[in-house]
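The primary structure of each chain is shown beneath.
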Amino acid sequence: MPLHWRGRAALAVVVVLAADLQCAVAGEGLLAVDVGHTLAAAGATSARGRGEFAFNLELAGHLADALHERRWAVRTINADGRIDSLRARSQAASGAAFLLSVHHDSVNAFELRPWRWDGQALDYNDEFAGHSLFVSRDNPHTAMSILCARSIGARLQRMGFEPTHKNGRRRSYADRTHAVHYYDGLAVLRHARMPAVLFEAGVIKNRDEELRLRDPVLQARMADAIATGISACLRNGLPADDEAAADQPDPPAATPGG
């Protein structure tokens, strides 16, 4: 074979292999998993003094593994805890089919009770526990975001995880059964150009739930449920509402005696 033919053949093989690799990834889709908060601003502090970012990072790692097992390509955002802005998170997700932002929940300051742990003066609240999900009507794919949040919530409940409804005191429901709330102003959701959901895994101010949420076995089970819900939504789901219906504002609050 002439040398120039060999060069062309080798180039063709490289092109084909690159195309096959691209198709293997693009065929199943790219998903973005955002690790909430940063090293400098670690979010909520748990009942035992641990920053939320550490919880988020652990669960995000399990979730990436579970999504890989389902043949998704995964881009983890902010794994080093050094991302410089909220908008940078959604920008880093560019090109993904879906964005999930991983968080852990707290409670209002006036609902906290003081206690001491390992010589530290800390606070806790054992009244609230459970997960919840949030979507934004300012996201261009509200209907699909709701569908995926509902799918995740349904799978979590089927796996034995119980939601919290404490956030219903301040945030209206997109789906009450599965604890899916509207939170239109969340920057990571409203600036995303793909369907996006923020997931609160549980209440780390609850002393028992904090310990459960640190358990690697539970983290892996929760991640498995989330990955199953995302896969079911993106591969098989159709939104119940069109985008215009999903973007409707909340109805006016009833007036006393009205």
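Please refer to the structure higher up on the page.
Here goes a summary of the coordinates provided. Predicted model, so just to flag it, every value in this text is computed and none were measured. (Residues numbered from 1 in each chain as written. Predicted model: local features only at pLDDT ≥ 70, side-chain atom pairs only at ≥ 80, totals over all residues. Heavy atoms only, no water.)

Regarding the overall build of the chain
Within the chain one finds eight helices and nine strands. Evaluated residue by residue, the chain yields a buried proportion of 46% over its 258 residues. A sequence separation of at least 24 residues applies to 77% of the contacts in the chain between residues at least 6 apart. (Helix = DSSP H or I, 4+ residues; strand = E, 2+ residues; numbered from the N terminus. Buried < 20%, exposed > 50% of the residue type's maximum accessible area, 1.4 Å probe, protein only. Contact = heavy atoms within 4.5 Å.)

Topic: the pattern of salt bridges
Within this structure, the stated rule accounts for 12 salt bridges. The residue Glu 58 makes a salt bridge to Arg 50 at a minimum N-O spacing of 2.6 Å. The class for Arg 50 is buried, based on a relative accessible area of 16%. (Salt bridge = Lys/Arg side-chain N within 4 Å of Asp/Glu carboxyl O.)

Quick word on the packing of aromatic side chains
Per the stated rule, a full pass over the model turns up three aromatic pairs. Here the aromatic rings of Trp 115 and Trp 117 are separated by 5.7 Å at their centres, their planes lie at 25 degrees, and the arrangement is stacked. The exposure class assigned to Trp 115 is buried, which follows from its relative accessible area of 17%. Under the relative-accessibility criterion, Trp 117 is labelled partly exposed at 36%. Taking the centre distance of 5.8 Å and the plane angle of 65 degrees together, the rings of Trp 115 and Tyr 124 count as edge-to-face. (Phe/Tyr/Trp six-rings, centres within 6.5 Å; stacked < 30°, edge-to-face > 60°.)

Description of the pairing of strand 3 (residues 98-105)
Of all the eight residues making up strand 3, eight are buried; the element is thus mostly covered by neighbouring parts of the structure. Here strand 3 pairs with strand 9 (residues 196-203) via six bridges, running parallel. Paired with Asp 105 across the strands is Val 203, a residue of strand 9. (Pairing = 2+ DSSP bridges.)

Looking at the layout of surface pockets
Here the largest pocket defines a volume of roughly 680 Å³. Forming the boundary of the largest pocket are 28 residues, of which His 37, Asp 105, Tyr 183, Leu 186 and Glu 200 lie nearest the centre. Looking at the lining of the largest pocket, the elements that each hand over two or more residues are helix 3 (86-92), strand 3, helix 5 (187-190) and strand 9. Residue contributions to the lining of the largest pocket peak at four residues, all from strand 3. (1 Å grid on protein atoms, 1.4 Å probe; cavity = no way out; pocket = protein on both sides within 12 Å on 5 of 7 lines; lining within 4 Å. Points joined across faces, edges and corners; volume = space filled by probe spheres on them.)

Some remarks on the state of the cysteines
In this structure the tally under the stated criterion is one disulfide. With its sulfur 2.0 Å from that of its partner, Cys 148 forms a disulfide with Cys 233. Measuring the twist about the S-S bond at about -75 degrees, one finds the Cys 148-Cys 233 disulfide to be left-handed. Of this pair, Cys 148 sits in helix 4 (residues 142-158) while Cys 233 sits in helix 7 (residues 216-236), placing them 85 residues apart in sequence. Each member of the pair, Cys 148 as well as Cys 233, carries the same accessibility label: buried. (Disulfide = S-S within 2.5 Å.)

Details of the side chain of Asn 167
Secondary-structure assignment places Asn 167 in the loop between helix 4 and strand 7 (173-175). Take Asn 167: its relative accessible area is 12%, and that puts it in the buried class. Excluding residues within four positions of it along the chain, Asn 167 makes contact with Asp 105, Ser 132, Phe 134 and His 181.

Looking at the nonpolar core
Within the largest apolar cluster, 45 residues are counted, with the highest numbers of intra-cluster contacts made by Leu 63, Leu 67, Leu 100, Phe 199, Met 222 and Ile 226. Listing elements by their share of this core, those giving two or more residues are strand 1 (30-35), helix 2 (52-69), strand 3, strand 6 (132-135), helix 4, strand 8 (180-182), strand 9 and helix 7. If near-sequence neighbours (up to four positions away) are discounted, Met 222 is found in contact with Leu 59, Leu 156, Phe 161, Phe 199, Ala 201 and Leu 213. Ala 73, Leu 186, Ala 192 and Leu 198 belong to the second largest nonpolar core, which has 17 residues in total. (Core = buried A, V, L, I, M, F, W, Y, C linked by side-chain atoms within 4.5 Å.)

Here we look at the side chain of Asn 125
With respect to the helices, strands and loops of the structure, Asn 125 is situated in the loop between strand 5 (120-124) and strand 6. In terms of polar contacts, Asn 125 uses its side chain to reach the backbone carbonyl oxygen of Glu 111, at 2.7 Å. The contact partners of Asn 125, leaving out residues within four places of it in the chain, are Val 107, Glu 111, Leu 112, Arg 113, Lys 205 and Asn 206. (Polar contact = N/O pair within 3.5 Å; in protein donor to acceptor, adjacent residues only side chain to side chain.)

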